[in-house]
Every structure is written in C-alpha cells, then in structure tokens.
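Okay, here's what each chain looks like letter by letter:
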Amino acid sequence: MLKKLLFPLLAAFILAGCATNSNTLTIQPKIELPQQDPSLMGVTVSINGADQRSDQALAKVNRDGQLVTLTPSRDLRFLLQEVLEKQMTARGYMIGPQGAVDLQIVVNNLYADVTQGNVRYSITTKADISIIATAKNGNKQVKNYRQTYSVEGAFSATNDKITNAVNSTLGDVIADMAQDTSIHNFIKQNAR
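Here is what the cut-offs are and how they apply
- Residues numbered from 1 in each chain as written.
- Predicted model: local features only at pLDDT ≥ 70, side-chain atom pairs only at ≥ 80, totals over all residues.
- Heavy atoms only, no water.
- Core = buried A, V, L, I, M, F, W, Y, C linked by side-chain atoms within 4.5 Å.
- Buried < 20%, exposed > 50% of the residue type's maximum accessible area, 1.4 Å probe, protein only.
- Helix = DSSP H or I, 4+ residues; strand = E, 2+ residues; numbered from the N terminus.
- Contact = heavy atoms within 4.5 Å.
- pLDDT = per-residue confidence, 0-100.
- Expected span 1.5 Å × (residues − 1).
- Polar contact = N/O pair within 3.5 Å; in protein donor to acceptor, adjacent residues only side chain to side chain.
- Axes fitted to C-alpha atoms, helices over the stretch in contact; angles between N-to-C directions.
- Parallel < 35°, antiparallel > 145°, perpendicular 65-115°, else oblique.
- Left-handed = near helix turned anticlockwise from the far one by under 90°.
- Nonpolar A, V, L, I, M, F, W, Y, C, P; charged D, E, K, R; others polar.

The protein appears in an unreviewed UniProt entry as Lipoprotein from Candidatus Pantoea deserta.

What is the right way to look at the nonpolar core in this model?
A general trend in soluble globular proteins is that nonpolar side chains are found buried together. Ranked by size, the top nonpolar core spans 44 residues in total, and within it L103, I162 and I187 carry the most contacts. Mapped onto this core, the elements with two or more residues apiece are β2 (44-51), β3 (59-63), β4 (66-72), α2 (76-91), β6 (101-116), β7 (120-135), α3 (159-179) and α4 (182-190). Each residue touching I162, except ones within four places of it in the same chain, is listed here: L25, A59, V61, R63, L70, A112, V114, I123 and A157.

Got a minute to help me understand unusual backbone geometry in this structure?
With the exception of glycine, the majority of residues adopt a negative phi angle, and the majority of peptide bonds are in the trans configuration. One non-glycine residue, D64, adopts positive backbone phi at about 55 degrees. Relative to the elements of secondary structure, D64 occurs in the loop between β3 and β4. By relative accessible area, D64 is classed as exposed at 83%. In this structure, F155 takes a positive phi of about 70 degrees despite not being glycine. Relative to the assigned elements, F155 resides in the loop between β8 (140-154) and α3.

What am I meant to see in the confidence of the model for the protein here?
The predicted coordinates should not be examined in detail at positions where pLDDT is low. On average, residues of the protein score 89 in pLDDT, and 89% of them reach the 70 mark or higher. Taken as a whole, residues 12-20 scores under 50 in pLDDT and shows zero contacts with residues more than four places along the chain or in a different chain.

Honestly, α2 in this entry has me stumped. Any pointers?
In an α-helix, one turn spans 3.6 residues; hence positions three or four apart end up facing the same way. For α2, spanning 16 residues, the distance from its first C-alpha to its last is 23 Å, which sits close to the expected 22 Å at 1.5 Å a residue. Along α2, the residues that are buried comprise L76, L79, L80, Q81, V83, L84, Q87, M88 and R91. Phi turns positive, to about 120 degrees, at G92, one or two residues after α2.

Is there a simple way to explain the environment of R74 in this structure?
Considering the arrangement of structural elements, one finds R74 in the loop between β4 and α2. Under the relative-accessibility criterion, R74 is labelled partly exposed at 32%. C-alpha of R74 to C-alpha of Q28: the two residues are 46 residues apart in sequence and 9.4 Å apart in space. When residues no more than four places from it in sequence are discounted, the contact partners of R74 are L79 and E82. A distance of 3.1 Å separates a polar atom in the side chain of R74 from a polar atom in the side chain of E82.

What should I look at first to understand the packing of α2 against α3 in this one?
A pair of packed helices is captured by two measures, namely the crossing angle of their axes and the spacing between those axes. Interhelical geometry of α2 versus α3 gives an angle of 30 degrees and a closest axis separation of 11 Å. If you check the angle between α2 and α3, you find them roughly parallel. For the pair α2 and α3, the sense of crossing is right-handed. Contacts from L79, L80, V83, L84, Q87 and R91 of α2 reach α3 at L170, I174, M177 and A178. Of the residues assigned to the contact of α2 with α3, the class counts are eight nonpolar, one polar and one charged.

Sorry if this is basic, but what is going on with the environment of T163 here?
Tracing the backbone shows T163 in helix α3. For T163, a relative accessible area of 10% puts it in the buried group. Sequence spacing of T163 and P72 is 91 residues, and the spatial spacing of their C-alpha atoms is 9.0 Å. Once you skip the residues sitting within four places of it in the chain, T163 turns out to touch L25 and T26. Side-chain polar atoms of T163 contact the backbone oxygen of N159, separated by 2.8 Å.

This is how it looks when you write it as structure tokens:
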C-alpha cells in the first residue's frame, strides 16, 4: 500500500522540479482599425508577410547567471500579415491573390533590450516595420513605421513585463498604420 502511494508522489515531485519558466512570450498587441472608405469599389489587394530579422529572439535575459532567449508565441510575419489584412478589410478593400496592388509587411526589427541589476530593471523595446506596396503598373512605395518604448521598475524583468513592453510597442506601430493614409492613397492612385 505504501509503495502504491509513495511512487506516484515521488514522480510528481520529480516532474515539479523539472518545470521551469517558459521562454515563450505571448504576443497579442492591441489592434486598431482605420475608418472605412466608402469610395472603394471592389479594389482587391494581395498581402503577404516577411521577417527580415537576423535573430528570431525577442529578448535575451540573464537569469541566475544563464542567458535565456525569449521567443514569440507565434510567427510575427503571420501576426502582422493578419493585422494588415484586418486593417485593409476595415478600409473597404477585398483581399485576394490577384490584387491590383501587392502589399508586403516586413518585420525589420522587433527586440526588447533588457538590463537588470539586483534591485532595478530596464526594458527598451524597438520596432521597425515596413509596408511595401507594389502596383501592377510598376509603381512602388515603401512606408516605415518605427516605435521605441522604455520602462523601468523594481526587482527583475519578468516575462510578463517584457511581454507587455513588446505588445505596447507593436500596438503603437499598429495604431500608426491605422492612422496613416499614405499606402491607402497609393493604392487608390495605382489600382486602375
């Protein structure tokens, strides 16, 4: 009887000892949508994403003398492609493979620089996102969106704090994309 009770209990303790902090950050930025343009009549755009970062890490943090690499919960190029699709649909565009204008959203940089001492931490997050619009007539436009976000606090930079900084920075970029009309105007001028 004692063996039946002791063995599962021992196994549970061993497994609990193996459990560590996750090295994955759940990236879910706030998505802001633009106003609809009622003058759009059946204009289709195609959208794809690209990640040009040389390192897929969002942050590298020194924890207990070890360098820990933190990565996003999902592929950033698909996340931003989905955001751009929602924004273009909200404006009134249709999304399809044979668009009058091809849009590519590119992650040039997204990284949280984390420094921490014994009693304080600092997180500085930088985002650099581009939208490249290429019309069938050969015209092209590139629009860059850049944001920097910094936060400091007491004790250590937890995954939640780093996640909040990254989500805040991406949310600001997405809000800039929603308010900016330069790509929208380019499409309207070149979608004939």
